[in-house]
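The chain contents come next:
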Amino acid sequence: MSIIEIRNLTKKFEVEGYTVTALEGINLSIEKGDVFGIIGMSGAGKSTLVRSINYLEKPTEGQVLINGINLADLSEKELRKQRSNIGMIFQNFNLLEQRSVIDNICFPLEITGVKKKEARVRAKELLSVVGLEDKEKAYPSQLSGGQKQRVAIARALSTNPEILLCDEATSALDPQTTASILELLRRINKDYGITIVIITHQMSVVTDVCSKVAIIDNGRLVEEGLVEKIFENPSSDAAKDLLSGKEVRYTPLQSLDTERRIRIVFQENSAYEPVIANTILKLQVPMNILKADTRNVNGKAVGEMILGLPEGEEVQKNIIEYFKGFGLAVSEVNDNE
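If you're wondering where the values come from, they're calculated on a predicted model, not measured in any experiment.

About the thresholds
Residues numbered from 1 in each chain as written. Predicted model: local features only at pLDDT ≥ 70, side-chain atom pairs only at ≥ 80, totals over all residues. Heavy atoms only, no water. Helix = DSSP H or I, 4+ residues; strand = E, 2+ residues; numbered from the N terminus. Buried < 20%, exposed > 50% of the residue type's maximum accessible area, 1.4 Å probe, protein only. Contact = heavy atoms within 4.5 Å. Areas by Shrake-Rupley, 256 points an atom, 1.4 Å probe, with all protein chains shown as cover. Pairing = 2+ DSSP bridges. Axes fitted to C-alpha atoms, helices over the stretch in contact; angles between N-to-C directions. Parallel < 35°, antiparallel > 145°, perpendicular 65-115°, else oblique. Left-handed = near helix turned anticlockwise from the far one by under 90°. Nonpolar A, V, L, I, M, F, W, Y, C, P; charged D, E, K, R; others polar. Core = buried A, V, L, I, M, F, W, Y, C linked by side-chain atoms within 4.5 Å. Right-handed = clockwise from strand over helix to strand, strands pointing away. Phe/Tyr/Trp six-rings, centres within 6.5 Å; stacked < 30°, edge-to-face > 60°. Lys NZ or Arg CZ within 6 Å of the ring centre and 35° of its normal.

K.L.:
Can you lay out the overall build of the chain for me, pointing to particular residues and giving the numbers?
P.N.:
Within the chain one finds 11 helices and 14 strands. Out of the 337 residues belonging to the chain, those deemed buried represent 48%. Long-range contacts, defined as pairs at least 24 residues apart, comprise 68% of the intrachain contacts of the chain with a sequence gap of at least 6. Just so you have it, the chain exposes about 17,000 Å², and 47% of that area is on carbon and sulfur atoms.

So, in structure tokens, the structure goes:
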């Protein structure tokens, strides 16, 4: 059952006399209980998309439906009530600096008219959920980045939302803290059944915690599906760029100048086979390993390699067929990856 339905959504802005199209013709369906990733490079339009989900940005064209309700049909009062069902956390935490941790968590409840005593009981429960029971009297300036984000998560959960939107929620955090926040989100999804939408430019975040992903490029939806399938065999250039990453995880050799390169993905059933060595011995051909990496994809260790193939179309075809015989996913690598 779809909890979020986005139909032909287009968003345009007027900037200094020019019309800028941030999103064009987006169609997405997010099912109840999913951890759904929306990923793209900076400026792709993903943050505009997530703000459209709770109508902080009203679409120029198209519809956003939450539990079958078209947000465009709601009055401002009804829309505010609907938003209480959609929690949101941000890259910069957006905590109230003059309020203590527990008062930050109580704030959304105060706005909705919950009595102070009842709000504080709820806030204490949530502090336990996010592992900050001892920080209720602290102020944001006394917290680390990861602790601030935990407070922001507790605040977003205070109104018992069905949906949690995370807009670059881990971008300002170091890798270890990012891992702990993603584990917290995974636990919240599992324990409370909350649908989580994660907006990010980091493919590692998507592979670590999301079950499905949509890839946005220049305001358009270019690819969507199960994370494992897109990781194994990306079809769009944007997906390939995001998977290749910008950071260097290997030391390239200056002498390698290979005309054709492929990417192979190892699953659990092939991870222990000496595939490269067997291929070289069986086919009597050389190959260059240009890159090797291991990633966490939905809790499974999945390996990938970028290989430079020797010259000769027939030889290349034999190598690819041999890899596929091992059950490996094989895809071409563009020159700019």
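K.L.:
Please provide a residue-by-residue account of the sheet that holds strand β6 (residues 86-90), values included.
P.N.:
Strand order in the open sheet formed by 6 strands is β6-β7-β8-β3-β9-β10, with mixed pairing between adjacent strands. Either end of the sheet is taken by a strand with one partner, and the two such strands are β6 and β10 (220-226). In this sheet, adjacent strand axes meet at a mean angle of 15 degrees when their direction is disregarded. Seen against the sheet, helix α5 (residues 145-157) touches β6 and β7 (163-167) and runs at an angle of roughly 165 degrees to β6.

K.L.:
Provide a residue-level description of the packing of α5 against helix α6 (residues 175-192), including the pertinent values.
P.N.:
The interhelical angle for the contact between α5 and α6, taken along N-to-C directions, is 20 degrees, at an axis separation of 10 Å. For the element pair α5 / α6, the angle class is roughly parallel. The hand of the α5/α6 crossing is right-handed. Residue-level inspection shows Gly146, Gln149, Arg150, Ile153 and Leu157 of α5 in contact with α6, the latter providing Thr177, Ser180, Ile181, Leu184, Leu185 and Ile188. Each residue belonging to the contact of α5 with α6 can be placed in one class, and the counts come to 6 nonpolar, 4 polar and 1 charged.

K.L.:
Provide a residue-level description of the nonpolar core, including the pertinent values.
P.N.:
In terms of nonpolar packing, the biggest core is built from 55 residues, with Ile153, Leu185 and Ile198 touching the most fellow members. The element that contributes the greatest number of residues to this core is α5, accounting for 6 residues. Those residues in contact with Ile198, other than ones at most four positions away along the chain, are Val35, Phe36, Gly37, Ile38, Cys166, Leu185, Val205, Val209 and Cys210. Within the second largest apolar cluster, 27 residues are counted, among which are Val64, Ile86, Met88 and Ala214.

K.L.:
Which residues make up the environment of Met1, and what values do they have?
P.N.:
Relative to the helices and strands, Met1 resides in the segment before β1 (2-15). Here Met1 falls in the exposed class, since its relative accessible area comes to 72%. Considered as a pair, Met1 and Asn67 are 66 residues apart in the sequence and their alpha carbons are 8.8 Å apart. In this view, Met1 contacts Ile30, Glu31, Lys32 and Asn67; residues no more than four positions away in its chain are not counted.

K.L.:
Provide a residue-level description of the side chain of Arg99, including the pertinent values.
P.N.:
Tracing the backbone through its elements, the reader meets Arg99 in the loop between β6 and α3 (101-111). Excluding residues within four positions of it along the chain, Arg99 makes contact with Asn104, Phe107, Glu110, Tyr139 and Pro140.

K.L.:
Account for the pairing of strand β8 (residues 195-200), naming residues and giving values.
P.N.:
For a regular strand, the rule is simple: side chains alternate between the two faces of the sheet. Burial analysis of β8 places 6 of its 6 residues in the buried class, the great majority of the element. Sheet topology note: the β7/β8 ladder contains 5 bridges and is parallel. Opposite Leu165, over in β8, you have Val197 as the bridge partner. Between the parallel pair β7 and β8, the chain is carried across by α6, and the sense of this crossover is right-handed.

K.L.:
Before we move on, could you go through the packing of aromatic side chains and cite the residues and values that matter?
P.N.:
Summed over the entire model, instances satisfying the criterion amount to 0 aromatic pairs. Cation over ring: Lys11 sits above Phe13, and NZ or CZ is 5.0 Å from the ring centre.

K.L.:
Go over the sheet that holds β1, please, and point to the residues and values.
P.N.:
Spatially, β2-β1-β4-β5 is the arrangement adopted by the 4 strands of the open sheet, whose pairing is antiparallel. Edge strands, defined here as strands with exactly one partner in the open sheet, are β2 (18-31) and β5 (69-70). The sheet contact formed by β1 and β2 spans 10 bridges and is antiparallel. Its bridge partner lying in β2, Leu9 is registered against Ile26.

K.L.:
Provide a residue-level description of the packing of α3 against helix α4 (residues 116-129), including the pertinent values.
P.N.:
Their axes nearest at 9 Å, the elements α3 and α4 cross at an angle of 120 degrees. By the criterion of interaxial angle, the relationship of α3 to α4 is oblique. Like other packed secondary-structure pairs, α3 and α4 cross with a definite hand, here right-handed. On the side of α3, the interface is formed by Val101, Ile102, Asp103, Ile105, Cys106 and Leu109, while α4 contributes Ala119, Arg120, Arg122, Ala123, Lys124, Leu126 and Leu127. In the contact of α3 with α4, the residues fall into 9 nonpolar, no polar and 4 charged.

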